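Residues per chain are reported as follows:
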Amino acid sequence: MVKHLLGDLLRKAQEADGIDSVVVVDNVPQVGPERLEKLKNVIHKIPSKFGKITNEFYPRYIFLEYGAPTQALEAVKNADGYKLDKQHTFRVNVFTDFDKYMSISDEWETPEKQPFKDFGNMRHWMEDPDCRDQYSVIYESGERTAIFNNDRWTETYVRWSPKGTYLATFHQRGIALWGGEKFKQIQRFSHQGVSLIDFSPARGNQSYVVTFSPLMDTKEDPQAIIIWDILTGQKKRGFHCESSAHWPIFKWSHDGKFFARMTQDTLSIYETPSMGLLDKKSLKISGIKDFSWSPGDDIIAFWVPEDKDIPARVTLMNLFNVVDCKLHWQRQGDYLCVKVDRTPKGTQGVVTNFEIFRMREKQVPVDVCCRPLAESIIAFAWEPNGSKFAVLHGESPRINASFYHVKNNGKIELIKMFDKQQANSIFWSPQGQFMVLAGLRSMNGALAFVDTSDCTMMNMVEHYMASDVEWDPTGRYLVTSVSWWSHKVHTHTQLIHTPDRHTHTQGINSYCRVDNAYWLWTFQGRLLQKNNKDRFCQLLWRPRPATLLTQDSIKVIKKDLKKYSKIFEQKDRLSQSKASRELVDKRRSMMEDYRTYREAALQQHHEQKTARLQLRGGVDTDELDSNTDDWEEETIEFLSTKKSFPSESSPLRR
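Residues numbered from 1 in each chain as written. Predicted model: local features only at pLDDT ≥ 70, side-chain atom pairs only at ≥ 80, totals over all residues. Heavy atoms only, no water.

Asks: Could you give an account of the packing of aromatic side chains, naming the residues involved and the relevant values?
Replies: Following the criterion strictly, the structure yields 27 aromatic pairs and no others. Aromatic side chains Phe239 and Tyr270 sit 5.3 Å apart centroid to centroid with 80° between the ring planes, which places their arrangement in the edge-to-face category. Placement of Phe239 in strand S14 (residues 235-239) and of Tyr270 in strand S17 (residues 266-271) is noted, with a sequence separation of 31 residues between them. On the basis of relative accessible area, Phe239 is assigned to the buried category, the value being 4%. Judged by its relative accessible area of 7%, Tyr270 is buried. By way of ring pairs, the aromatic residues Tyr208, Phe239, Phe250, Trp252, Phe259 and Tyr270 are connected into one cluster. (Phe/Tyr/Trp six-rings, centres within 6.5 Å; stacked < 30°, edge-to-face > 60°. Helix = DSSP H or I, 4+ residues; strand = E, 2+ residues; numbered from the N terminus. Buried < 20%, exposed > 50% of the residue type's maximum accessible area, 1.4 Å probe, protein only.)

Right under this line is the structure:
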């Protein structure tokens with residue numbers, strides 16, 4: 001019966017014009033006549049974004065007619081799967097789809113095979129025979145981005161995905177992802193005014209990208225934050241955003257299966273791929289201040305401040321008289337350090353303790369750093385692949401750098417302290433052991449290269465006004481840079497008048513002039529090269545995916561490193577000699593070209609001498625400059641400036 005009624009409806013509809021501009025919306029809330037008008041107002045705002053609605057009808061299904069078929073297709077593409085609330089998710093189809101679905105055969109037909117899209121080798125840079133890493137450089141105030149000599153990639157800045165597979169570029173209308181040997185465009189995500197992005201973690205399937213735009217959010221339609229599927233380009237879900245001050249809004253679990261956000265007194269954990277709340281509800285945690293995921297397990301740590309007689313707590317630990325807490329996970333998830341700021345009873349000052357959770361042991365024992373610090377903490381950082389951590393504490397100019405080691409028995413040992421350091425940031429090598437203490441921006445770019453195996457200072461140098469430090473993925477090289485984004489140079493031109501001439505000189509206002517550049521160093525602090533770029537903005541190393549080697553294989557390689565080093569040094573010498581030979585050959589070729597040109601020019605000059613004598617009345621001007629007896633020397637003096645001093649104001653009288 002329904003089939004016959006639909007057939008009659010379609011036959012009548014096909015007699016009218018504009019049938020391909022009509023969409024049908026299913027799974028809408030069913031309300032009584034008294035609430036129908038309110039429902040219309042809420043729903044109308046969603047499809048009206050895709051074009052002008054010329055006609056609409058609201059029975060159990062909603063029929064909407066657009067001004068053009070393209071608008072109807074756009075509505076289907078963007079509104080299908082839209083989640084109105086927890087119980088209602090729109091299903092949107094073009095009206096003409098009913099005819100297509102009714103004509104489907106009852107017998108199985110093999111689907112048409114879709115052509116394979118070849119984006120090239122997405123790991124091609126890993127096959128470089130010399131194991132060279134790649135990096136992106138943005139300069140000319142963001143107008144140019146250099147990667148393999150490709151330029152004008154982005155309108156603002158760029159971002160590598162965690163495994164280095166994709167390069168994300170920002171545009172006014174959204175995000176584009178590039179990859180493969182020739183950096184083809186892999187995917188594009190439409191999000192007007194996008195300004196921030198985040199990827200799901202590298203240990204997961206790297207399936208999602210999160211974008212933020214301050215322009216798109218409305219009360220009825222959450223569009224400020226959107227989570228996208230990278231492979232399909234499909235929008236998975238949109239979220240409201242009260243503030244983007246602490247980006248990323250969502251924090252991902254180590255494997256990318258879960259992500260969470262914190263709002264007032266609430267912790268919301270979502271699961272993928274459904275993007276729905278875990279157990280369909282948020283956790284009510286009164287007074288929650290901060291949280292973080294373990295980098296190695298699906299474990300969340302959060303802290304709640306003290307409230308009257310109820311002590312502050314971090315998961316399983318109670319804390320009294322706590323002012324503030326910061327959570328620092330070691331990269332493998334073996335340790336969690338909670339930096340606890342307390343006000344001891346009867347005192348006004350604040351002291352800091354470091355309380356270490358040993359996450360891999362039974363009942364997660366907690367160890368406290370033996371010596372509380374009464375100084376302000378400037379920076380804290382774990383060694384990526386070890387049990388050491390570094391702390392910068394104190395006040396300038398007496399800033400101390402302390403290095404601690406967490407032993408197997410839980411004892412926290414101070415292994416070294418460097419005093420009077422010009423540093424406000426800590427940068428560990430990705431492979432551990434080596435680190436840089438950096439005094440960025442206001443500290444004029446002081447750099448201290450440290451080997452923490454024996455806590456020796458390998459080198460102390462300076463990159464004046466450096467704003468950023470970036471280790472390469474292998475830990476062999478380090479880049480320091482002065483970003484135009486951080487130090488914008490303002491100059492003005494001043495006109496100076498003197499009695500006999502006008503001269504233009506460049507003046508500089510209260511901003512200090514800095515060279516926008518990036519410098520490349522070895523891990524030991526030896527400068528390899530300086531690269532000046534006009535209005536240089538940003539340098540990002542391309543990340544590497546996790547190694548496929550086992551720990552035993554890595555140990556064997558480290559053991560035989562001297563044998564491999566000889567091979568690499570030989571290749572370096574061959575490469576340098578090849579480069580030198582190419583340079584010598586190039587210079588020799590240029591010199592030969594110059595000599596050929598000079599001989600031809602002299603020959604032409606000699607052939608034209610008769611013509612020059614005729615034009616100049618027989619005077620041989622070729623010889624005028626060679627006769628010094630014809631030269632005359634004349635000295636001209638003139639008054640440049642004049643100043644007068646009254647006798648009583650003379651400096652001698654004072």
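Asks: Which residues make up the sheet that holds strand S37 (residues 477-481), and what values do they have?
Replies: Strand pairing in a sheet takes place through backbone hydrogen bonds and is either antiparallel or parallel in direction. Spatially, S36-S37-S40-S41 is the arrangement adopted by the four strands of the open sheet, whose pairing is antiparallel. Both outer strands of the open sheet, strand S36 (468-471) and strand S41 (527-532), are each paired with one neighbouring strand and no more. Each neighbouring strand pair of the sheet contributes to a mean axis angle of 20°, computed without reference to strand direction. By the bridge criterion, five bridges tie strand S40 (residues 517-522) to S41 in an arrangement that is antiparallel. Counterpart to Leu520 in the pairing with S41 is Gln529. (Pairing = 2+ DSSP bridges. Axes fitted to C-alpha atoms, helices over the stretch in contact; angles between N-to-C directions.)

Asks: Tell me about the pattern of salt bridges, and name the residues and values.
Replies: For the structure shown, the criterion picks out 15 salt bridges. Arg544 is the partner of Asp133 in a salt bridge, and the nearest nitrogen-oxygen pair spans 2.6 Å. Taken together, the residues Asp133 in the loop between helix H4 (97-102) and strand S5 (135-139) and Arg544 in the loop between strand S42 (538-541) and helix H5 (551-559) connect sequence positions 411 residues apart. What makes Arg544 partly exposed here is its relative accessible area of 28%. Residue Lys407 pairs with Glu413 through a salt bridge whose shortest N-O separation is 3.4 Å. (Salt bridge = Lys/Arg side-chain N within 4 Å of Asp/Glu carboxyl O.)

Asks: So what about unusual backbone geometry? Which residues, and what values?
Replies: In the segment running from Thr272 into Pro273, the intervening peptide bond is cis, with an omega of 5°. As for its position among the elements, Pro273 is in the loop between S17 and strand S18 (276-277). For Gln433, which is not glycine, the phi dihedral falls at a positive 70°. Tracing the chain through its elements places Gln433 in the loop between strand S32 (425-428) and strand S33 (434-439). A residue is classified by how much of its surface remains accessible, and Gln433, at 31% relative accessible area, is partly exposed.

Asks: I'd like to hear about the side chain of Thr211, residue by residue, with values.
Replies: Mapped onto the fold, Thr211 is located in strand S12 (residues 208-212). A polar side-chain atom of Thr211 sits 2.9 Å from a polar atom in the side chain of Trp228. Each residue touching Thr211, except ones within four places of it in the same chain, is listed here: Ile175, His191, Val194, Leu196, Ile197, Ala224, Ile225, Ile226, Trp228 and Trp247. (Polar contact = N/O pair within 3.5 Å; in protein donor to acceptor, adjacent residues only side chain to side chain. Contact = heavy atoms within 4.5 Å.)

Asks: Which residues make up the pairing of S17, and what values go with them?
Replies: Among the six residues of S17, five are classified as buried, and the element is accordingly described as predominantly covered. Following strand S16 (residues 258-263), the chain reverses through two residues before pairing antiparallel with S17; Asp265 in that reversal takes a positive phi of roughly 60°. One ladder, built from two bridges, connects S17 with strand S19 (residues 283-284); its direction is antiparallel. Across the sheet, residue Thr266 finds its bridge partner in S19, namely Lys284. From the end of S17 to the start of S18, which pair antiparallel, there are four residues, and Met275 there has a positive phi angle of about 65°.

Geometry only, nothing functional implied.
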